[in-house]
Structure formats: structure tokens, C-alpha cells
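Overview (structure and organization)
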Amino acid sequence: MRLILNLASLFLRGTALMFGLVGGLAGLACWGGMFSGKLDALTHLAPIWLACGVAGLVLGAVFTHEAERKAIIGLSATAIIAIGLLMAPELLSAARSPAKTPEARPLKLIQFNVWAENHDPQETLNWIRAQNADVVMLEEAGGQSWSIVMALRKVYPYAVSCDGDRYCDTWIFSRLPIVARRGFYQDGRGLPGAWATLRRPDGDFTVAATHYTWPLPAGSQLAQSRRLISLLKPFPRDSLIVTGDFNSTPWSWSLRRQDKALGLERRTRALASWPTGRFSRVTGSPFPILPIDHVYAGKAWKTVKVERGPSLGSDHRPVVVTLAR
């Protein structure tokens, strides 16, 4: 029995050290993301490093002693402080409720990466239809999700893909008339996406949808962000709306720079959207942990409501945003 207890104690102490060490080193490395794209990739996993710090602190306080305890608690506290400071601005912003806004002319948007390996496209389609949104932006709308596109083209009278009218997996569907549009994937610059200028009685406005690559290799997202900003320069910023699966979290340095460069307010705040459900053939997630689907809007739009949709056939949760002019 004593041997078992000793082994258990050794395991828990080792686990505490591992959590504290991983969390502390990763927390410090995340701040290096200010200068390095490779280190910035670590910031996207900030919730995991924070969890490591908390786990190390608890296990270290309970199962270790003297100098060992001080070392493990110090490492864990480093993780908690470093990641806490990194995430605090976004979490504080998320805690603030949107100001009360009259809904005389609401605009309901859906941002949704429906996933090319969607395992229940019919359920996904039924949910999208039930929302009765004015504008729907989809990414990865190919493969097993192509049936969703075909059905929505019958429901929504206006549409544009990242290759105009042809097959491309990023789409904008609109109930409002499209007076100008362009898909910009066909220009060969590696950015799937499209924009459309929509007409309402209170004035035209432009919406854009895009899908970024993963944070690694370093530099790819930065190039896509610069391309997007360049493409959107001609449009009035006060009424512009930009959505997408940016594969980038709000505590990353890359998304902070994009927030500033776009000159728009990001309306999605710490709204985790990935992963969810059965996001591979062998594993799944009971809840999302990373906010990587975002909606930006200019100052002419007031936020009425921001919601996360249910887990459907995709590895992303949909994001539903209602704005008022």
C-alpha cells in the first residue's frame, strides 16, 4: 500500500511540475508573438496554457512541499499571469453588454464554416433556413456541404462565391439585392473570399466573407490579412461588414493587428466557435474553446445581439449577429 501511495504521490508531483513548466514557458513565449509569427502561433492556444497553469497551481499546492512547491507554484503563477494579461482585454470586452438599440431596421447575419466533411448537411441546412437571416456567409461549403449551397441558392435570390458564380467554397447569400459583387479567389493571390454591395432603403452597404489558412506556416495569415485590407479599401468603412473563419483568436497579436488595420469594430468577443461536435472520424469535443469565427462592422451599425448557434454537422459552431443601422 505504501508503495502505491508513493507512486501516486510521485505521479501527481510530476504532473504538477509538467503543467507548471509547460504553462509557464508557453505563457512567456506567447508574449514573444509580438515579434515572431512562429511564437504568435502559440497565443491561439492561450486557454490551454492557462488551464495548465491553474492545474499546476492546484496540484502543486496540494501534493508538493517546501522548495518543490515554491518552484511549481512560481511556474504556474507565471503561466496564469502571462496568459491572464494576454486574454484580459478580450474577456473584459466580452463582459460588457451591447447598448440598447432600436431595431427599426435590423439586419440578421449568419457566419458559418459548414465544413467540407459535414456529417449532417440536412440538419445544418434546416437550421440555417429556420434562422431566416438576411445574409448568410459560408466557408468550406464544398464536399459533403455542397448540397447546402444548392439548396440555399433556391431560397436566397442573390449570391456570390469566391469565384463569382462558379464552384468555390466561400459564399455570400442575400435576401437583399446585390448591386455589385466580386469573388477574389480567382486572382491567384491565395485568399478565398467574396464581397457584395447590398441595397436597402436606408442605403447601400458592402459585406465581405473570407476564410484564412492556419497560423502555421508563419506569415501566411499576415499575407492574407494584408490582401483583404487592400481589397476592402475602396468601400466606406462606416457601413462595411466583414465576416469569416479567420483561424485566428482575439488574443493573438496577428488578429490584434488586423482589428486595428481594418478600422472596424469586431462584434464577436471571446465567442468560442471551434472545435465542436464530431470534428473528425474518431474524436469530438463537447464544447468549443477557440474563438476563430469573427464578425466586424463599421460604426454605422449598432450591435443588437450576438449569439452562438448549436452544434450541427460541422466542426464549427455558427455565429449569428443582429445589427441595426
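Residues numbered from 1 in each chain as written. Predicted model: local features only at pLDDT ≥ 70, side-chain atom pairs only at ≥ 80, totals over all residues. Heavy atoms only, no water.

Digging into the overall build of the protein
- Regarding its fold elements, the protein presents 8 helices and 12 strands.
- For 325 residues, the compact-globule formula gives about 20 Å, and the C-alpha radius of gyration of the protein, at 22 Å, lands near that figure.
- Dimensions along the principal axes, computed over C-alpha positions, put the protein at roughly 75 × 40 × 35 Å.
- Going through the 325 residues of the protein one by one, you find that 50% of them count as buried. (Helix = DSSP H or I, 4+ residues; strand = E, 2+ residues; numbered from the N terminus. Rg over C-alpha atoms; globule rule 2.2 N^0.38 Å. Buried < 20%, exposed > 50% of the residue type's maximum accessible area, 1.4 Å probe, protein only.)

Considering the pairing of strand 4 (residues 171-174)
- Burial along strand 4 is two-sided: the face carrying Trp 171 and Phe 173 and the face carrying Ile 172 and Ser 174 are both buried.
- Where strand 2 (residues 135-139) meets strand 4, 4 bridges bridge the pair, whose relative direction is antiparallel. Bridge pairing in strand 4 links Met 137 to Ile 172. (Pairing = 2+ DSSP bridges.)

A closer look at the packing of helix 7 (residues 220-232) against helix 8 (residues 253-262)
- Running from N to C, helix 7 and helix 8 point in directions that differ by 10°, and their axes come no closer than 11 Å. One element, helix 7, and the other, helix 8, form an angle in the roughly parallel class. On helix 8, the residues touching Gln 221, Ser 225, Ile 229 and Leu 232 of helix 7 are Ser 254, Gln 258, Ala 261 and Leu 262. (Axes fitted to C-alpha atoms, helices over the stretch in contact; angles between N-to-C directions. Parallel < 35°, antiparallel > 145°, perpendicular 65-115°, else oblique. Contact = heavy atoms within 4.5 Å.)

Looking at the sheet that holds strand 3 (residues 158-161)
- One open sheet accounts for 6 strands, arranged 3-4-2-1-12-11; its pairing is mixed. The sheet is open, and its two borders are formed by strand 3 and strand 11 (302-308), each paired with just one other strand. Each adjacent strand pair in this sheet contributes to an overall mean axis angle of 15°, direction not counted.
- Helix 5 (residues 121-131) contacts strand 1 (106-113), strand 2 and strand 12 (319-324) of the sheet and is inclined by roughly 165° relative to strand 1.
- Along the sheet, helix 6 (residues 146-155) contacts strand 2, strand 3 and strand 4; its crossing angle with strand 4, the most-contacted strand, is approximately 30°.

Re the side chain of Thr 206
- Relative to the elements of secondary structure, Thr 206 occurs in strand 7 (residues 205-211).
- Looking at Thr 206, the relative accessible area reads 6%, which means it is buried.
- Polar side-chain contacts of Thr 206 include one of 2.9 Å to the side chain of Thr 197.
- Apart from residues lying up to four places away in sequence, Thr 206 is in contact with Trp 195, Ala 196, Thr 197, Phe 235, Ser 239, Leu 240 and Ile 241. (Polar contact = N/O pair within 3.5 Å; in protein donor to acceptor, adjacent residues only side chain to side chain.)

Focus on the packing of helix 1 (residues 2-31) against helix 3 (residues 46-63)
- At a closest axis distance of 7 Å, the pairing of helix 1 and helix 3 adopts a crossing angle of 145°. Regarding helix 1 and helix 3, the two cross each other, and that crossing is left-handed. Contacts between helix 1 and helix 3 involve Leu 12, Arg 13, Thr 15, Ala 16, Phe 19, Gly 20, Val 22, Gly 23, Ala 26 and Cys 30 from the former and Trp 49, Cys 52, Gly 53, Ala 55, Gly 56, Leu 59, Gly 60 and Phe 63 from the latter.
- Class assignment of the residues belonging to the contact of helix 1 with helix 3 gives a composition of 11 nonpolar, 6 polar and 1 charged. (Left-handed = near helix turned anticlockwise from the far one by under 90°. Nonpolar A, V, L, I, M, F, W, Y, C, P; charged D, E, K, R; others polar.)

A closer look at helix 7
- An ideal rise of 1.5 Å per residue puts 18 Å on 13 residues; helix 7 measures up with 19 Å between its terminal C-alpha atoms.
- All of the buried residues in helix 7 are Gln 221, Gln 224, Ser 225, Arg 227, Leu 228, Ile 229, Leu 231 and Leu 232.
- In the core, the buried residues of helix 7 are packed alongside strand 5 (178-183), strand 7, strand 8 (241-245) and helix 8. (Expected span 1.5 Å × (residues − 1).)

Regarding the packing of aromatic side chains
- Applying the stated criterion to the full structure yields 11 aromatic pairs.
- Considering the side-chain rings of Tyr 212 and Phe 246, the 4.9 Å spacing of their centres and the 85° angle between planes classify their relative orientation as edge-to-face. Residue Tyr 212 is found in the loop between strand 7 and helix 7, and its partner Phe 246 is found in the loop between strand 8 and helix 8; the two are separated by 34 residues along the sequence. One exposure class covers both Tyr 212 and Phe 246, and it is buried.
- Taken together, Trp 146, Tyr 156, Tyr 167, Trp 171 and Phe 173 form an aromatic cluster joined through their ring pairs.
- Above the ring of Trp 253, the side-chain terminus of Arg 256 is found at 4.6 Å from the ring centroid. (Phe/Tyr/Trp six-rings, centres within 6.5 Å; stacked < 30°, edge-to-face > 60°. Lys NZ or Arg CZ within 6 Å of the ring centre and 35° of its normal.)

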